[in-house]
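Given next are the chains, with one letter for each unit.
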Amino acid sequence: MSSITFYNQIQFVEDKQEFSRFPTKAGRRSLSRSISQSSTDSYSSAASYTDSSDDETSPRDKTQLNSKGTSDFCVKNIKQAEFGRREIEIAEQDMSALISLRKRAQGEKPLAGAKIVGCTHITAQTAVLIETLVALGAQCRWTACNIYSTQNEVAAALSEIGVAVFAWKGESEDDFWWCIDKCVNMEGWQPNMILDDGGDLTHWVYKKYPNVFKKIRGIVEESVTGVHRLYQLSKAGKLCVPAMNVNDSVTKQKFDNLYCCRESILDGLKRTTDVMFGGKQVVVCGYGEVGKGCTAALKAMGSIVYVTEIDPICALQACMDGFRVVKLNEVIRQVDVIITCTGNKNVVTRDQLDRMKNGSIVCNMGHSNTEIDVASLRTPELTWERVRSQVDHVIWPDGKRVILLAEGRLLNLSCSTVPTFVLSITATTQALALIELYNAPEGRYKQDVYLLPKKMDEYVASLHLPTFDAHLTELSDEQAKYLGLNKNGPFKPNYYRYNHPSKIPLNDTQISDLCTIYLQWIPTSTTYMFSLVQSS
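Residues numbered from 1 in each chain as written. Predicted model: local features only at pLDDT ≥ 70, side-chain atom pairs only at ≥ 80, totals over all residues. Heavy atoms only, no water.

The chain has the name S-adenosyl-L-homocysteine hydrolase NAD binding domain-containing protein in an unreviewed UniProt entry, where Oncorhynchus mykiss is given as its organism. On record in UniProt, under Sequence similarities (unreviewed entry), the comment for the chain is "Belongs to the adenosylhomocysteinase family." (UniProt positions renumbered as here; feature names shortened; annotations may be inferred.)

Caption draft 1: Layout of the packing of helix H6 (residues 173–184) against helix H7 (residues 200–208). Remark: H6 packs on H7, axes separated minimally by 10 Å, with the N-to-C direction vectors making an angle of 65 degrees. Comparing the axis directions of H6 and H7 gives the class roughly perpendicular. Crossing handedness for the pair H6 and H7: right-handed. Counting all contacts with H6, which are made through Phe176, Trp177, Ile180, Asp181 and Val184, the residues of H7 involved are Asp200, Leu201, Trp204 and Val205. Considering only residue class, the contact of H6 with H7 consists of seven nonpolar, no polar and two charged. (Axes fitted to C-alpha atoms, helices over the stretch in contact; angles between N-to-C directions. Helix = DSSP H or I, 4+ residues; strand = E, 2+ residues; numbered from the N terminus. Parallel < 35°, antiparallel > 145°, perpendicular 65-115°, else oblique. Left-handed = near helix turned anticlockwise from the far one by under 90°. Contact = heavy atoms within 4.5 Å. Nonpolar A, V, L, I, M, F, W, Y, C, P; charged D, E, K, R; others polar.)

Caption draft 2: Geometry of the pairing of strand S14 (residues 360–364). Summarising burial for S14: five of the five residues are buried, a large majority. Burial along S14 is two-sided: the face carrying Ser360, Val362 and Asn364 and the face carrying Ile361 and Cys363 are both buried. The pairing of strand S13 (residues 337–340) with S14 spans four bridges and is parallel. Among the inter-strand pairings, isoleucine 338 is bridged to a residue of S14, identified as valine 362. The handedness of the S13 to S14 crossover, carried by helix H14 (residues 350–355), is right-handed. (Buried < 20%, exposed > 50% of the residue type's maximum accessible area, 1.4 Å probe, protein only. Pairing = 2+ DSSP bridges. Right-handed = clockwise from strand over helix to strand, strands pointing away.)

Caption draft 3: Fine view of H6. For H6, with 12 residues, the first-to-last C-alpha span of 17 Å sits near the 16 Å given by 1.5 Å per residue. The element H6 is largely enclosed, with a buried count of nine among its 12 residues. Among the residues of H6, those classed as buried are Glu173, Asp175, Phe176, Trp177, Cys179, Ile180, Asp181, Cys183 and Val184. (Expected span 1.5 Å × (residues − 1).)

Caption draft 4: Just the pairing of strand S15 (residues 383–388), in detail. Pairing of S15 with strand S16 (residues 391–395) involves five bridges; the strand directions are antiparallel. Its bridge partner being in S16, tryptophan 384 is matched across the sheet by valine 394.

Caption draft 5: Quick peek at the side chain of aspartate 197. Along the chain, aspartate 197 turns up in the loop between strand S7 (193–196) and H7. For aspartate 197, which is buried and forms no salt bridge, the nearest opposite charge comes from lysine 252, at a distance of 6.7 Å. If near-sequence neighbours (up to four positions away) are discounted, aspartate 197 is found in contact with Cys119, Thr120, His121, Cys145, Glu221, Glu222, Ser223 and His367. (Lys, Arg positive; Asp, Glu negative; His and termini not counted. Salt bridge = Lys/Arg side-chain N within 4 Å of Asp/Glu carboxyl O.)

Caption draft 6: Examining the UniProt feature "binding site: substrate" (unreviewed entry) in the chain more closely. Per the UniProt record, "binding site: substrate" (unreviewed entry) is annotated on Thr123, Asp197, Glu222, Lys252 and Asp256. Locating glutamate 222 in the fold gives a position in the loop between strand S8 (218–221) and helix H9 (224–235). The exposure class of glutamate 222 is buried, given its relative accessible area of 11%. Leaving out residues up to four positions away in the same chain, glutamate 222 has contacts with Asp196, Asp197, Val246, Asn247, Lys252, Asp256, Thr426 and Gln430. As for its position among the elements, lysine 252 is in helix H10 (residues 250–273). In contact with lysine 252, not counting residues within four places along its chain, are Glu222, Val246, Asn247, Asn257 and Thr426.

Caption draft 7: Focus on the nonpolar core. Grouped together as the largest cluster of nonpolar side chains are 64 residues, with contacts concentrated most on Leu111, Ile116, Ile122, Leu133, Trp142 and Val165. Mapped onto this core, the elements with two or more residues apiece are helix H2 (81–93), helix H3 (96–105), helix H4 (124–135), strand S5 (139–144), helix H5 (152–160), S7, helix H16 (420–439) and helix H17 (454–464). Counting residues per element, this core draws most heavily on H16, which supplies 12 residues. In this structure leucine 133 touches Leu111, Ile116, Ala138, Cys140, Trp142, Ala431 and Leu434, once residues within four positions along its chain are discounted. (Core = buried A, V, L, I, M, F, W, Y, C linked by side-chain atoms within 4.5 Å.)

Caption draft 8: Region of interest: the pattern of salt bridges. Counting across every chain of the model gives 20 salt bridges. Between aspartate 72 and arginine 141 there is a salt bridge, with the nearest N and O atoms lying 2.6 Å from each other. Residue aspartate 72 is found in the loop between strand S3 (48–49) and H2, and its partner arginine 141 is found in strand S5; the two are separated by 69 residues along the sequence. For arginine 388, the salt bridge is made with aspartate 274, and the minimal N-O distance between the two is 3.1 Å. Taken together, the residues arginine 388 in strand S15 and aspartate 274 in the loop between H10 and strand S10 (281–285) connect sequence positions 114 residues apart. For arginine 388, a relative accessible area of 34% corresponds to the partly exposed category. Judged by its relative accessible area of 54%, aspartate 274 is exposed. Put simply, Arg378, Arg386, Asp392 and Glu407 are held in one network by salt bridges that share partners.

Caption draft 9: The arrangement of the sheet that holds strand S18 (residues 449–451) in detail. The strand order S6-S5-S4-S7-S8-S9-S18 describes an open sheet built from seven strands, whose pairing is parallel. Here the strands that pair on one side only, and so sit at the sheet edges, are strand S6 (164–166) and S18. Each strand axis lies, on average, 20 degrees off the axis of its neighbour in the sheet, ignoring direction. Examined bridge by bridge, strand S4 (residues 115–120) and S5 share six bridges and lie parallel to one another. In the sheet register, threonine 120 faces S5, and the bridge partner there is alanine 144. Each of S4, S5 and S7 is contacted by H4, which is oriented at about 160 degrees to S5, the strand it contacts most.

Caption draft 10: Molecular detail of the packing of aromatic side chains. Scanning the entire structure with this criterion turns up eight aromatic pairs. When the ring of tryptophan 177 is compared with that of tryptophan 204, the centres are 5.4 Å apart and the planes differ by 15 degrees; the resulting orientation is stacked. Pair noted here: tryptophan 177 is in helix H6 and tryptophan 204 is in helix H7, with a separation of 27 residues, a long-range link. With respect to class, tryptophan 177 is no different from tryptophan 204; both count as buried. Within the aromatic cluster, the residues linked to one another by ring pairs are Phe176, Trp177 and Trp204. In this structure, lysine 208 packs its charged tip against the face of tryptophan 204, placed 5.3 Å from the ring centre. Above the face of the tryptophan 396 ring, lysine 400 is positioned so that its terminal group lies 4.2 Å from the ring centre. (Phe/Tyr/Trp six-rings, centres within 6.5 Å; stacked < 30°, edge-to-face > 60°. Lys NZ or Arg CZ within 6 Å of the ring centre and 35° of its normal.)

Caption draft 11: Structural detail: the confidence of the model for the chain. Taken over all residues, the pLDDT of the chain has a mean of 84, while the share at 70 or more is 82%. Across residues 10–55 the pLDDT falls below 50, and counting only partners more than four positions away or on other chains, this stretch makes 140 contacts in the model. (pLDDT = per-residue confidence, 0-100.)

Caption draft 12: Looking closely at unusual backbone geometry. Residue proline 490 is reached from glycine 489 by a cis peptide bond, and omega for that bond is 5 degrees. Secondary-structure assignment places proline 490 in the loop between helix H18 (477–483) and helix H19 (508–521). The phi dihedral of asparagine 346 falls on the positive side, at around 50 degrees, and the residue is not glycine. Checked against the element boundaries, asparagine 346 lands in the loop between S13 and H14.

Written out as structure tokens, the structure is:
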């Protein structure tokens, strides 16, 4: 059976900032490590620190060989590979669906000839995805999308089996871009697929290697930040390859973004601060799927939770779920914890940080480090004190301390771990998206950003149901005819968003079509009001 035949069984159908640089000065400092954390952290700060740990040798300055005698990698310590292998094996136990996909398709090698360059969090769960891609025939080179989230032992384990990994926990900014470039710029090897998380890799290739970018067969992006960048390129007419928007797939939004964050937010805060949640006043900025997960977890622990929102639909959802929707300035002096999860920039400003009370905690659950204005805190009058891994006390002249976690970067993957099972859902979706784009016949996908076919979402979900011993009800022929459905799916139209408001940008044609539809049923008396809303 050919690789294309394998995907015909799933019956896929076609759906239709410049870099946010952080400060360039960075140091590497060693701190005590737990069994699941690396021994290295980095700071990118011009502020003073009160700890005096010595810098360690950068992995870039080391010469390392794996057991096969190759050196095409750069990790913290290749000798940690055996420990990393155990971590990967543990992750595999809770990623049965992805392993099942690997076993079903590895005989056909649907990714034979694919040269995938990836930029994601490098964890045990991601390693299972990477090894799945390799088993399906792909060649992979990988780097990290976050300077704090790499599990060094896992990076070593991947390097040991021949995957070219350039990443370690505690990279500086210069290290970060160097690692990306090493993945892309390899003599005799040119990528034809991109798997990205945040858009940094995509934009690096687009800016630095335009000829390589033009030959890419497909891009798979899983974060709201990266998707936003892709839509910007598409709108400007500069996206010359098809891209798959995994972030807005149902299996990403409703599972990874919601359930993963619902569990990992508490883990991250507990590990870093030992905070008690009962009675604490918490502001969650943003009530998308990540915000919904965070607020649900905090409410269950007895916290008093406020929500900030710009979208009236999301704000109304928060109100109906029992949360008070406020402007941040209204509660800034009284809250104990601020959590950002908007995907925006400067959600928490220096002026607001100045007004927070002593001992307040500030952290980010969005992908990018732009949500909290950390750069404004790197001034001579403020002192930074590293009290434990990924925990800084920023001290004001009057002695007030604000606790900043992971320097405003993604809290859960920087400071704790995330549930393996839910990452299996996202990883399976990414693998299928890569194979779909790589095997798609010419003309199926144009140079644009696409949503995942509904059939793919349903297939991913079905692979995970056996874990719960779940049994789906089957439609009778009569029922299927009554609903106008195929008995085997898809069971929902592509526009059905499973109770979360879609944030996918619409093109002019789609907006025009929607206006036509609305005006057909909106009463005449409200047509003028609708035109006012449209014009505003």
